[in-house]
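Report on the structure
Here are the chains, one letter per residue:
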Amino acid sequence: MITAFDIGGSSIKAATVSGLNDISVLPRRATPLQDFQLFVEILREFIAENPTLGQGVAISLTGIIDTENGLAKCANIPCINQRHLSADLENALQMPVWIANDADCFTLAETHFGAAQEHENVFGIILGTGVGGGLVLNGKLVTGVGGFAGEWGHGPTLPNETAHWPEPIPHFKCGCGQKGCVDTIGGARGLERLHKYLHGSDLTSTCIVENWINNNTHAVQTVHCMVDLISGPLAMVLNVTGSSVAPVGGGLSQSSQLIELLNEVVTGKLLRKSGEPIIVPYQCQIEPGLMGAAVMGLQNLKLA
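Residues numbered from 1 in each chain as written. Predicted model: local features only at pLDDT ≥ 70, side-chain atom pairs only at ≥ 80, totals over all residues. Heavy atoms only, no water.

1. Digging into the packing of helix H5 (residues 188–199) against helix H6 (residues 205–213)
Close contact between H5 and H6 brings their axes to 8 Å; oriented N to C, the two are set at 65°. One element, H5, and the other, H6, form an angle in the roughly perpendicular class. Helix-helix and strand crossings are classified by hand; for H5 and H6 the assignment is left-handed. Counted together, Ala188, Arg189, Leu191, Glu192 and His195 of H5 and Ser205, Ile208 and Val209 of H6 form the full contact between these two elements. In terms of residue class, the contact of H5 with H6 is built from four nonpolar, two polar and two charged. (Axes fitted to C-alpha atoms, helices over the stretch in contact; angles between N-to-C directions. Helix = DSSP H or I, 4+ residues; strand = E, 2+ residues; numbered from the N terminus. Parallel < 35°, antiparallel > 145°, perpendicular 65-115°, else oblique. Left-handed = near helix turned anticlockwise from the far one by under 90°. Contact = heavy atoms within 4.5 Å. Nonpolar A, V, L, I, M, F, W, Y, C, P; charged D, E, K, R; others polar.)

2. Details of the sheet that holds strand S11 (residues 246–249)
The five strands lie next to each other as S10-S9-S8-S11-S12, forming an open sheet whose pairing is mixed. Of all strands in the sheet, those with a lone pairing partner are strand S10 (140–142) and strand S12 (279–281), marking the two edges. Strand-to-strand twist across the sheet, computed as the mean angle between neighbouring axes with direction ignored, equals 30°. Both S11 and S12 contribute to a ladder of three bridges, which runs parallel. By the bridge assignment for S12, Ala246 is matched with Ile279. Its contacts with the sheet put helix H7 (residues 217–241) on strand S8 (122–127), strand S9 (131–137), S11 and S12, and the angle it makes with S8 is roughly 155°. Packed onto the sheet, helix H8 (residues 256–267) meets S8, S11 and S12 and runs at close to 170° relative to S12. (Pairing = 2+ DSSP bridges.)

What follows is the structure in structure tokens.
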């Protein structure tokens, strides 16, 4: 049927896809960063693994495709950055090409294979190096104008007061150019930034979370401040989208205690009250980017 790809800055993962229950993962290859022709050739070699897979190519990408002009925004893979990537690949491969952000594909994967099965409206949360998200409504991926739907990490939405710190916490400048974005304190780098501001200590996010679990006073303050500050914006997103579940992926999701705390604080701020957890750890274990890309491709062929 199709070939699915999960393309990151270090490797290209691929799978042959004949149906939702027939997805075979192939050995990964290094991502060519500077050579677009080599990039295309590697995709061709993957597709040639099964000559019957000529109905299309579905790609999960570490970056976005601007839905208005078709340009890829993918700074860590220069050879595809600012290209009309779908059109260029369709021309080179002579078959339909569908591309979505990796957070979007994560959300699709969780909807069909993970924690969000049986849910129609799903908000996927990424708490990795930074903060990202994806949105599925009525079982279908929503990208929106510009391809930014689900990107809750950016926008000046953070409060600066929390019961866990005696003074207002300043709004840090974000890489997007704004101040007060969730991304500035919500991901791993943000947690580290917040801890340094509060306590003057350079620690990795992993160390901060471990110290919090072990009841270290400084780490407890940092983690509770972070969760308290990002919980309001997240609750608003869940209210607006009507999402009944929000699976969490990314490095910080490895702490089940952190996800439990985030769920407790956010659900206390939601309009909808539920006896079941809403913010939950991800469950799709088989390359969620690939699995989400596979779903996207099959949906475009009206086969899922």
